[in-house]
Structure formats: structure tokens, C-alpha cells
Amino acid sequence: MIKNFFLVFFLFLGVNSFAQNVDFGIQAGYTNVEVEANGESGTQVSADGSGFYVGFLADYQFSENWHLQPSVNYFNVEETDFLSIPVLVQYYIENSDFYLQAGPQATIVLEDVPTTNEFGLDATFGVGYHINEDFFIEARYGIELTNRYSDESIEFAEQYDTDIKSGVNTLMVGVGYKF
């Protein structure tokens, strides 16, 4: 545990030494989560729900156009708690306040949900706009890359299929403020 803490600490210190400017901020907004499960015989189950998210971010500016924005966001959908940790590369479009962003995102279910693995890895992409120097709006979508289905529930698997693949996709639309 201590090794992991120091690894993360030195990683952020190293990133900070290459960045020209670092801003910290908060963000909040609307989130929609879609859960999909597909079986080998073509069985498909899909459900979605809406909720909110709040979080903290760091914005490392490497040049006028390139930024790195790691963040930690808590979100709640249909009485289920999640944690998302995206690390997004942002490209600011020339002579504009618009930016594109993409990168990996870890999504963690904070509750015990039957037949579901707690950790998932997403590919996330989105767009944003700086209203002024401090306030911004953005929208991003995360596509699950990992299989969330756990073989712990044999009864569930036998009822629907023997090989089930499931994932959690997320849409987040919100506002933020950089200090």
C-alpha cells in the first residue's frame, strides 16, 4: 500500500515538473449509466438510469494546446454508488475555447452488486468549452472495455447463458470551476 502511494505521488510530481501550469478544480453534473449484458445465444439485457456526479480535478498544462486532466468523481445512479477516475488528454483547438478529450477511465462500483465485478476500465472521449478562464462545461462518454460479469452466480448464468459478457457505459454532462 505504501509503495503504491509513493508511486502515485512521484508520478504526479514528475508530471508536475513537465507542466507549465497546474490548476485544481471541482466539477458536477448529470450522469447516465447504461448496463448491457450479452449471452452467447444472442440473449441481450439492457437497462439505464440517471443520476448526478461531483468530483475534483487537476489540470496540467503542457503547452497552449495540450493538457492532462486526471480527476476523481463520485456518482450515484438509481441508488448505486460509483467512483470514476479518468485521466484525459485534452487538445485545445487553435484560437478557440473548445477542446477535445480522450483517455482511460477506471469505473468502480462502491456497493456489492450480485454477478458484477467491482472494477472496470473504460475508453473515454468528449468535448468541452471554457466559458471564461475559470468556468467550463463538458460532455464525455465512457465505453466499457472490460467484462463486468462475474461467474460467482452460477444460477444466474445457467438461467440465461453459460458465457455472459456485460459492461457499464457512462455519459457525463456537467460544469466545472478551476481555482
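For the structure itself, look to the data block above.
Residues numbered from 1 in each chain as written. Predicted model: local features only at pLDDT ≥ 70, side-chain atom pairs only at ≥ 80, totals over all residues. Heavy atoms only, no water.

Brief notes about the layout of surface pockets
Right, on to step 1. When its volume is computed, the second largest pocket comes out at roughly 330 Å³.
Right, on to step 2. Around the second largest pocket, the lining is made up of 17 residues, and of these Q61, E64, H67, Y92 and H130 lie nearest the centre.
Right, on to step 3. For the lining of the second largest pocket, the element with the most residues is strand β1 (residues 21-39), which contributes three residues.
Right, on to step 4. In terms of residue class, the lining of the second largest pocket is made up of three nonpolar, seven polar and seven charged. (1 Å grid on protein atoms, 1.4 Å probe; cavity = no way out; pocket = protein on both sides within 12 Å on 5 of 7 lines; lining within 4 Å. Points joined across faces, edges and corners; volume = space filled by probe spheres on them. Helix = DSSP H or I, 4+ residues; strand = E, 2+ residues; numbered from the N terminus. Nonpolar A, V, L, I, M, F, W, Y, C, P; charged D, E, K, R; others polar.)

Quick notes on the pattern of salt bridges
Pairing is possible between side chains of opposite charge, provided their charged atoms come close.
Right, on to step 1. Tallying each qualifying case throughout the model produces two salt bridges.
Right, on to step 2. For K178, the salt bridge identified is with D59, shortest N-O distance 2.5 Å. With a gap of 119 residues between them, K178 in strand β8 (residues 164-178) and D59 in strand β2 (residues 44-61) connect regions that are remote in the sequence.
Right, on to step 3. R140 is the salt-bridge partner of E138, the closest N and O atoms lying 2.5 Å from each other.
Right, on to step 4. For R140, a relative accessible area of 4% translates into the label buried. (Salt bridge = Lys/Arg side-chain N within 4 Å of Asp/Glu carboxyl O. Buried < 20%, exposed > 50% of the residue type's maximum accessible area, 1.4 Å probe, protein only.)

What to know about the environment of T170
Right, on to step 1. Position of T170 among the secondary structure elements: in strand β8.
Right, on to step 2. Judged by its relative accessible area of 3%, T170 falls in the buried class.
Right, on to step 3. T170 sits 48 residues away from D122 along the chain, and the two C-alpha atoms are 9.0 Å apart.
Right, on to step 4. Setting aside anything within four residues of it in sequence, one finds T170 in contact with N32, V33, F75, Q105, D122, R140, Y141 and G142.
Right, on to step 5. Within the local environment of T170, its side chain forms a polar contact with the side chain of Q105, the two groups lying 3.5 Å apart. (Contact = heavy atoms within 4.5 Å. Polar contact = N/O pair within 3.5 Å; in protein donor to acceptor, adjacent residues only side chain to side chain.)

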